[in-house]
Amino acid sequence: MTGDEGTRSPASSGPDAGREPVGLRGLPRPVAAVVGAGGVLGAAQVGIGYALEQRGFVPDLIIGTSVGAFNGAIAAAHPGEAAPWLDLVWTRARRREVFPFGYLSSRASVFADRGLRRLIAQAALPSRIEELEIPFAAVAMDLATGAQALLDHGDLESALLASAAIPGILPPVDREGRTLVDGGVIAFVPVRAALQAGAASVVVLSTGQKSWSPLPADPPRRAGAVAARAGLLLLEHQIERDLREVSERIPTVVVPTGIETWPAPWDFGHSRRLISTASLTAGRFFDGLRISGPGLYRVDGPAATSAGPAGAWTDVREVGR
């Protein structure tokens with residue numbers, strides 16, 4: 001495995017001598033790809049995957065939550081060539097196939113998980129996590145204790161199903177004596193798990209709209225809107241806390257997508273737009289990235305990542321140093 005990403009290294013002499021390495025080459029090893037949760041956000045992760053593969057970048061380990069665990073497992077199984085396969089998955093996916101209604105005798109969920117089982121079966125994955133080409137872990141939550149469950153060995157299918165088991169929406173998974181649900185409840189962006197696994201830097205694919213502070217708005221009044229707003233704010237605080245905690249220790253790169261309008265989490269009809277926009281935006285971001293030690297490397301919001309020529313991507317923001 002190698003981290004060379006195809007862009008030319010800074011010259012050893014001349015005006016650029018002594019500057020930080022440009023692009024992904026500047027990330028200290030081992031570097032973890034952290035693939036977050038977010039339903040249809042997974043399509044944007046495929047776009048970022050294209051940008052990484054075009055630059056020849058392969059991480060040393062991959063940590064994924066929920067849909068990010070599925071995408072991450074594909075990347076771990078097929079390093080350097082996963083994006084085209086995932087492109088087909090996401091552009092062909094339909095809600096009724098991924099979230100089919102099914103009456104479960106336990107009444108533990110609205111949907112059955114047969115759609116996810118079908119996707120996993122079609123993904124040409126090994127049966128065990130240890131057999132993946134790149135070290136991989138899926139993050140879930142222990143429903144009894146609330147503790148994080150880092151699934152880095154054993155049966156791969158059950159690990160992916162557990163990591164994606166949205167409480168009440170998809171059925172919990174019994175695995176190795178524990179009842180597990182979606183890791184996004186406690187680690188929507190599992191950067192802390194990557195740090196615990198020994199990463200010296202992380203690349204986050206991607207936290208989407210939840211990585212930026214919610215726009216100012218009057219407090220909602222209807223019950224559903226109040227609950228949704230409170231949940232979004234809680235998630236935002238969790239993500240920001242984890243990113244800042246880890247960035248104090250190691251370089252933490254949050255890759256922008258350039259996407260300003262996100263569809264509903266179950267609406268797969270926008271996958272092509274999400275993939276193409278994220279691929280272009282992430283590529284420009286990587287080509288202007290400069291790493292100079294621990295810190296939070298990102299742009300300040302979707303508007304800052306959606307326009308401008310490739311040569312304008314030298315102002316990647318470094319926050320929290």
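In case you missed it, the structure is sitting above this.
This report concerns the structure included in the present document. Nothing here was measured: the structure is a model prediction, and the numbers come from that model. (Residues numbered from 1 in each chain as written. Predicted model: local features only at pLDDT ≥ 70, side-chain atom pairs only at ≥ 80, totals over all residues. Heavy atoms only, no water.)

## Looking at the overall build of the chain
Stage number 1. Secondary structure assignment for the chain yields ten helices and ten strands.
Stage number 2. Residues classed as buried in the chain amount to 50% of the 321 residues present.
Stage number 3. Long-range pairs, those at least 24 residues apart, make up 74% of the contacts in the chain with a sequence separation of at least 6.
Stage number 4. Of the roughly 14,400 Å² that the chain leaves accessible, carbon and sulfur atoms contribute 54%. (Helix = DSSP H or I, 4+ residues; strand = E, 2+ residues; numbered from the N terminus. Buried < 20%, exposed > 50% of the residue type's maximum accessible area, 1.4 Å probe, protein only. Contact = heavy atoms within 4.5 Å. Areas by Shrake-Rupley, 256 points an atom, 1.4 Å probe, with all protein chains shown as cover.)

## Describing unusual backbone geometry
Stage number 1. Across the junction of Arg-29 and Pro-30, the peptide omega takes the value 0 degrees, indicating a cis bond.
Stage number 2. Within the secondary structure, Pro-30 sits in the segment before strand S1 (31-35).
Stage number 3. Even without glycine at this site, Ala-124 takes up a positive phi of about 55 degrees.
Stage number 4. Locating Ala-124 in the fold gives a position in the loop between helix H5 (114-121) and strand S3 (136-142).

## A closer look at helix H6 (residues 156-163)
Stage number 1. Here H6 lies mainly inside the structure; seven of its eight residues are buried.
Stage number 2. The opening residue of H6 is Asp-155, an N-cap whose side-chain oxygen sits 2.8 Å from the backbone nitrogen of Ser-158. (Polar contact = N/O pair within 3.5 Å; in protein donor to acceptor, adjacent residues only side chain to side chain.)

## A look at the side chain of Asp-60
Stage number 1. Among the secondary structure elements, Asp-60 is positioned in the loop between helix H1 (41-54) and strand S2 (61-65).
Stage number 2. There is a polar contact of 2.8 Å between the side chain of Asp-60 and the side chain of Arg-29.
Stage number 3. A polar atom in the side chain of Asp-60 sits 2.9 Å from the backbone nitrogen of Val-31.
Stage number 4. Each residue touching Asp-60, except ones within four places of it in the same chain, is listed here: Arg-29, Pro-30, Val-31, Ile-134 and Pro-135.

## Structural notes on the nonpolar core
Stage number 1. Counting 66 residues, the largest nonpolar core has Trp-90, Leu-125, Phe-136 and Phe-286 as its most contacted members.
Stage number 2. Excluding its chain neighbours within four sequence positions, the residues that come into contact with Phe-136 are Ile-62, Gly-64, Ala-69, Gly-72, Ala-73, Ala-76, Ile-129, Leu-151, Asp-152, Leu-156 and Leu-160.
Stage number 3. Core analysis: the next-biggest nonpolar cluster, separate from the first, contains 24 residues, Val-139, Ala-199, Leu-235 and Leu-243 among them. (Core = buried A, V, L, I, M, F, W, Y, C linked by side-chain atoms within 4.5 Å.)

## Remarks on the pattern of salt bridges
Stage number 1. Counting across every chain of the model gives twelve salt bridges.
Stage number 2. Residue Arg-272 is joined to Asp-87 by a salt bridge in which the shortest nitrogen-to-oxygen separation is 2.6 Å. With a gap of 185 residues between them, Arg-272 in helix H10 (residues 271-288) and Asp-87 in helix H3 (residues 83-92) connect regions that are remote in the sequence.
Stage number 3. Overall, Arg-272 belongs to the partly exposed group, its relative accessible area being 44%.
Stage number 4. Given a relative accessible area of 7%, Asp-87 falls into the buried group.
Stage number 5. For Asp-242, the salt bridge goes to Arg-192, with nearest N and O atoms at 3.3 Å. Residue Asp-242 is found in helix H9 (residues 223-247), and its partner Arg-192 is found in helix H8 (residues 191-196); the two are separated by 50 residues along the sequence.
Stage number 6. Judged by its relative accessible area of 29%, Arg-192 falls in the partly exposed class. (Salt bridge = Lys/Arg side-chain N within 4 Å of Asp/Glu carboxyl O.)

## Examining the packing of helix H2 (residues 67-77) against H3
The description of two packed helices rests on the angle between their axes and on the distance between the axes.
Stage number 1. In the contact formed by H2 and H3, the axes pass within 10 Å of each other and the chain directions differ by 145 degrees. When you trace H2 past H3, the crossing you get is right-handed. Contacts between H2 and H3 pair Val-67, Phe-70, Asn-71 and Ile-74 from the former with Trp-85, Leu-86, Val-89 and Trp-90 from the latter.
Stage number 2. Residues that form the contact of H2 with H3 fall into these classes: seven nonpolar, one polar and no charged. (Axes fitted to C-alpha atoms, helices over the stretch in contact; angles between N-to-C directions. Left-handed = near helix turned anticlockwise from the far one by under 90°. Nonpolar A, V, L, I, M, F, W, Y, C, P; charged D, E, K, R; others polar.)

## Let's talk about the packing of aromatic side chains
Stage number 1. The full count for this structure, using the stated rule, is one aromatic pair.
Stage number 2. Each ring, one from Phe-285 and one from Phe-286, has its centre 6.0 Å from the other, and the planes form 65 degrees; the classification is edge-to-face. Grouping residues by exposure puts Phe-285 and Phe-286 together as buried. (Phe/Tyr/Trp six-rings, centres within 6.5 Å; stacked < 30°, edge-to-face > 60°.)

## Examining H5
Stage number 1. Taken together, the buried positions of H5 are Gly-115, Leu-116 and Ile-120. The buried residues of H5 all sit within an arc of 135 degrees when viewed along its axis, so they share a single face. (Arc of directions from axis to C-beta.)

## Some remarks on the environment of Leu-41
Stage number 1. Relative to the helices and strands, Leu-41 resides in helix H1.
Stage number 2. Classification of Leu-41 by relative accessible area gives buried; the value is 5%.
Stage number 3. Sequence separation between Leu-41 and Phe-268 is 227 residues, and the spatial gap between their C-alpha atoms is 9.6 Å.

## Comments concerning the pairing of strand S8 (residues 251-254)
Stage number 1. Burial of the side chains of S8 extends over both faces: Pro-251 and Val-253 are buried on one face and Thr-252 and Val-254 on the other.
Stage number 2. When strand S7 (residues 201-205) meets S8, the two strands line up parallel, connected through three bridges. Its bridge partner lying in S8, Val-202 is registered against Thr-252.
Stage number 3. Summarising the sheet, S8 and strand S9 (residues 295-297) pair through three bridges and their orientation is parallel. The residue of S9 that forms the bridge with Val-253 is Tyr-297. (Pairing = 2+ DSSP bridges.)

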